[in-house]
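Survey of secondary and tertiary structure
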Amino acid sequence: MSEFELLDPGAPVGGAFGGGAFGDGAAGGVDPLLDGLNPAQERAVIARGPALLIVAGAGSGKTRVLTHRIAHLIREKEAWPSQILAITFTNKAAAEMRERIGGLLGSAAEGMWVSTFHSACVRILRREAERFGYVSGFTIYDSADSRALLKRIIKELDADTYGFTPANAGSKISRLKNELTDVDAYSATMNASDPRDRLFVEIFRMYEQELRRANAFDFDDLIGQTVHLFRAHPDVAAVYQRRFRHILVDEYQDTNHAQYSLIRELTRPVPLAQVSQLVPPVRDRELDANGQIPGASLTVVGDSDQSIYAFRGADIRNIVEFERDFVGAEVVKLEQNYRSTQNILSAANAVIGNNFDRQEKNLWTSEGDGPKIVGFTGYSQHDEARFVAEEIEDLHRGGLDYNDIAVFYRTNSQTRALEELLIRSAIPYRVLGGTKFYERAEVKDAMAYLTSIANPFDPIAWSRLLGAPKRGIGPMAEAQLANFQEAEGITLHDALLRAGELSFGPKVRGAILGLGELLVRASRMAAGGGTTDVIAAPGEEPEEKTPAPVGDVLKLILDETEMIEKLRAKRDPQDDARAENLEELLAVAREFDVKQPGAGLLAFLTEVSLVAAADDLDDSSGTVSLMTMHTAKGLEYPAVFITGVEEGLIPHQMSVDEVGGVNEERRLMYVGITRARERLYLTLASTRATFGDVSVAMPSRFLQEIPEALIDWRQSPGEVTSRGGTASRALNAPSRPGAAGPRTRGGRVESAVSFGNGGGSGAAAVSEPASGNMQSALEQWRERKRAAKAAQASGGGFPNTIGLGSRDNGDLALEIGDRVRHDEYGEGRVVHLTGAGTKRIAHVDFESVGERKLLVKLAPITKVE
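Residues numbered from 1 in each chain as written. Predicted model: local features only at pLDDT ≥ 70, side-chain atom pairs only at ≥ 80, totals over all residues. Heavy atoms only, no water.

A short note on the packing of aromatic side chains
Throughout the structure, instances matching the rule amount to 13 aromatic pairs. Seen from their ring centres, Phe641 and Tyr681 are 4.2 Å apart, and the 10° between their planes marks the pair as stacked. One end of the pair, Phe641, is in strand 13 (residues 637-642); the other, Tyr681, is in strand 14 (residues 676-685), and 40 residues separate them in sequence. Judged by its relative accessible area of 0%, Phe641 is buried. (Phe/Tyr/Trp six-rings, centres within 6.5 Å; stacked < 30°, edge-to-face > 60°. Helix = DSSP H or I, 4+ residues; strand = E, 2+ residues; numbered from the N terminus. Buried < 20%, exposed > 50% of the residue type's maximum accessible area, 1.4 Å probe, protein only.)

A look at the sheet that holds strand 12 (residues 624-628)
By definition, the strands of a sheet pair up through backbone hydrogen bonds, in either a parallel or an antiparallel sense. The parallel open sheet is built from 7 strands, whose spatial order is 11-12-10-13-14-9-17. The open sheet terminates on both sides in strands that have one partner only, identified here as strand 11 (429-431) and strand 17 (711-715). Here the strands of the sheet are splayed against their neighbours by 20° on average, with no regard to which way each runs. Direction of pairing for strand 10 (residues 405-409) relative to strand 12: parallel, over a ladder of 4 bridges. (Pairing = 2+ DSSP bridges. Axes fitted to C-alpha atoms, helices over the stretch in contact; angles between N-to-C directions.)

Some details on the packing of helix 2 (residues 62-75) against helix 3 (residues 91-105)
Where helix 2 contacts helix 3, the two axes come as close as 10 Å, and the packing angle between them is 45°. In terms of their interaxial angle, helix 2 and helix 3 are classed as oblique. Considering how the two elements wind past one another, helix 2 and helix 3 form a crossing that is right-handed. Residues Thr63, Arg64, Leu66, Thr67, His68, Ile70, Ala71 and Ile74 of helix 2 lie in contact with helix 3, whose contacting residues are Glu96, Met97, Arg100, Ile101, Leu104 and Leu105. (Parallel < 35°, antiparallel > 145°, perpendicular 65-115°, else oblique. Left-handed = near helix turned anticlockwise from the far one by under 90°. Contact = heavy atoms within 4.5 Å.)

Some remarks on helix 19 (residues 459-466)
Of all 8 residues in helix 19, 6 are buried; the element is thus mostly enclosed. For helix 19, the full list of buried residues reads Pro459, Ile460, Ala461, Trp462, Leu465 and Leu466. Where helix 19 begins, the capping side chain belongs to Asp458, and its oxygen is found 3.0 Å from the backbone nitrogen of Ile460. (Polar contact = N/O pair within 3.5 Å; in protein donor to acceptor, adjacent residues only side chain to side chain.)

Notes on the pairing of strand 20 (residues 819-822)
On a regular strand, one side chain projects to one face of the sheet and the next to the other, so that they alternate. On strand 20, burial follows the alternation: Val820 and His822 on one face are buried, whereas Arg819 and Arg821 on the facing-out side are not. A loop of 3 residues connects strand 20 with strand 21 (residues 826-834), the two strands running antiparallel in sequence. The pairing of strand 20 with strand 24 (residues 861-864) spans 4 bridges and is antiparallel. When the bridges of strand 24 are listed, Val820 appears paired with Lys863.

As for the pairing of strand 1 (residues 51-56)
Counting buried positions along strand 1 yields 6 of 6 residues, so the element is predominantly enclosed. Neither face of strand 1 is left uncovered, since the one carrying Ala51, Leu53 and Val55 and the one carrying Leu52, Ile54 and Ala56 both have all their residues buried. Note: strand 1 against strand 7 (residues 297-302), 5 bridges, orientation parallel. Considered in strand 7, the bridge of Leu52 is made with Thr299. Pairing analysis gives 5 bridges linking strand 1 to strand 8 (residues 330-334), with the strands arranged parallel. Along strand 8, the bridge assignment pairs Val55 with Lys333.

A few points about the environment of Thr161
For Thr161, the location among the structural elements is in the loop between helix 5 (143-156) and helix 6 (166-178). Relative accessible area serves as the criterion here: at 58%, Thr161 is assigned to the exposed category. A polar side-chain atom of Thr161 sits 2.8 Å from the main-chain carbonyl oxygen of Asp158.

Observations concerning helix 9 (residues 219-232)
Counted at 1.5 Å a residue, the expected span for helix 9 with its 14 residues is 20 Å, and the 20 Å between its end C-alpha atoms agrees. Among the 14 residues of helix 9, 11 are classified as buried, and the element is accordingly described as predominantly covered. Every buried residue of helix 9 is accounted for by Asp220, Asp221, Leu222, Ile223, Gly224, Gln225, Thr226, Val227, His228, Leu229 and Phe230. Where helix 9 begins, the side chain of Asp218 points an oxygen toward the backbone nitrogen of Asp220, at a separation of 3.2 Å. (Expected span 1.5 Å × (residues − 1).)

Notes on the pattern of salt bridges
Under the definition given, this model contains 53 salt bridges. In this structure, the salt-bridge partner of Glu286 is Arg283, at a minimum N-O distance of 3.3 Å. Glu286 gets classed as buried once you look at its relative accessible area, which sits at 13%. Close ionic contact of Asp305 with Arg358 constitutes a salt bridge, the shortest N to O distance being 2.8 Å. On the criterion of sequence distance, the pair formed by Asp305 in the loop between strand 7 and helix 13 (317-320) and Arg358 in the loop between helix 15 (342-352) and strand 9 (373-378) is long-range, its members being 53 residues apart. (Salt bridge = Lys/Arg side-chain N within 4 Å of Asp/Glu carboxyl O.)

What about the packing of helix 18 (residues 441-454) against helix 19?
Axis separation between helix 18 and helix 19 bottoms out at 8 Å; the angle between their running directions is 125°. Between helix 18 and helix 19, the interaxial angle falls into the category oblique. Once helix 18 is placed against helix 19, the crossing between them reads as left-handed. Side by side, helix 18 and helix 19 meet where Ala441, Lys444, Asp445, Ala448, Tyr449, Thr451 and Ser452 of the first sit next to Ala461, Arg464 and Leu465 of the second. A breakdown of the residues in the contact of helix 18 with helix 19 according to their chemical character gives 5 nonpolar, 2 polar and 3 charged. (Nonpolar A, V, L, I, M, F, W, Y, C, P; charged D, E, K, R; others polar.)

What follows is the structure, given as structure tokens:
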């Protein structure tokens, strides 16, 4: 059965439910899908309609509700698994949901899409890539790849003299892409009199051109290009709109504009114009009274109180204004908490209640009050860290495992004192958010080979593998090869094999040719042909090739390059660790081959590219976890320490003057508090050293919002301010000796916290000095690249991501030999035609830039009579 074949939800499921946990439905009057759910959870499972918003407070069992809702839809035969799309934000959450649904449905869960936004979009783009001039083997650039590309562009344009760095340019490009704004749209609205704006447009344009030339997408493109694809090709959108009848989105409060737009496109009804073109033909039961296929039913789960990713583009309005966007939506609130004690929940409710941009709710639990929250004020950050270390030791002696304890902080700069004291106390710990496995240099080196095998046009991977390991191919040789490849219009692999045509010495030429031959052999193996091609006998059909195991391809690379042996030979503990990382990568590849036999290299690269930062957490490591409060989202621990609860840290100084900034910081504090299950510690210091400067630290305003009765102060702020140990500075404290108590206004305690400037200091951006001693060959390479920029235009041999505007040449008939005029390339002659219909590709030899492949339907061309 085809993946896209639409089945009749009213038909029997063929016993698929027999292997699940609920059989054919309720037995003996008790429905196992609803048994044990509280009334709000039950309503969220059985509610039906065009749209449903489940406001799920922290620890309220939202994953159980989502999985049971999906199982209920399928058991009641309202949808087949293949008609359900469930979207999460991390691969870890998707795997957990997939496992839970499998436990409920058994084999009936097969065919369901349970994935992240990015994974779902990659799946769609790989299937539809040819519609906009890409091949399905496109590369996915991670953040490090994008930074490397931007670094090269900034250096080429001397943009660092204007303060541009890969970080700030990449952040701005990412923000624009998440708003579905391309370079042309931005340039139309920029301040043309500002040289920085003009230079940024040039950086953005070159970045996009290089991505297209490399047949690559960055992470932001995956979602944005899918949205543009649906808008430019309604017939493509109709296929997915018809297929997915129920769309469920987790963590909806974290969606950005591009993700919101993707959901809007997928839930639109299929218009009459597209209904008649769908294959297989539409059946009457699929249509509504207007002859359309109605929009999919949308269920979103989220909590506006946990929207903490505005810096990544998350738009809280998506969930706050859900009922306005989806008229007729039902709202169900999950307020019963199954994670934390009531004291912890009461503190969280008190803090978040001061925000106005939220759906009103109040978390509660039936598990009892539990111990009070412990507060501590240190004289310095080292004093604070000493208290944390001592309490962790006490908790451990009391029977709590180290991996049940977490320490949160607002910024990474707070870890130094904590790490020092934990080391002195011999407490095992790990810092989450450090260098991830796939970001390590040696792993990136090995992955560069695999990436180049899958996409031999990728210059980032190619440039990296030339020097990994070092083989005598220096920058000048790389420049010659790059220019030769560009001039000849061949793949980077072919350029290596033709090194004999260039003026290299015997040693360098031998190294280049050896590398080229290795890549060719590895490419043949990856395609399923072994390291040598096998030619079919006359009259025999060539045997269909099965992709080789990824582990075998990687083993060939590691053996031939001797990457592991060369690291071991250095006899350095760090190099031994690097060698172990490469061995671990090989183990990862082998594990992938076992899990997905025959999937091949492309699927492996896609999976690796989509690994999220929080997916690698190992909760069985036996170590205390240190992490930022942002990293803590989605996790929970029996004991949690929130450190640095001070003005300038939480809320962060940079947020105070931003619109909505303090509200987001309050949500971040709420998230931190609700990660604790049994014990919560809030710590701060009266003085803190930042970048070498010691300044007075003020207690956070968020402490002021927690009722005094909930906190047991081991050492209050007043006890470290020389007021006799009785007065608490800035915490509902009398403002002068003899004052009767805290000031009140309108029945509420008025904060006596003095905010001021907090003693913080800004740091000026430091840019790299422009290099003035580049060798002449490299300077010539840069000059040639500048001169070639106009000829490469929008991507050379890889035309065109879907832009905000598109044209339709559906009625343009071309034959070999016809002359055409391109808006940018000028006139050329058609030398070859491939494909048919909307996938018709014209190979055109232009006088200015040579041969280019153009998608006839969308290319800006006209026929020259």
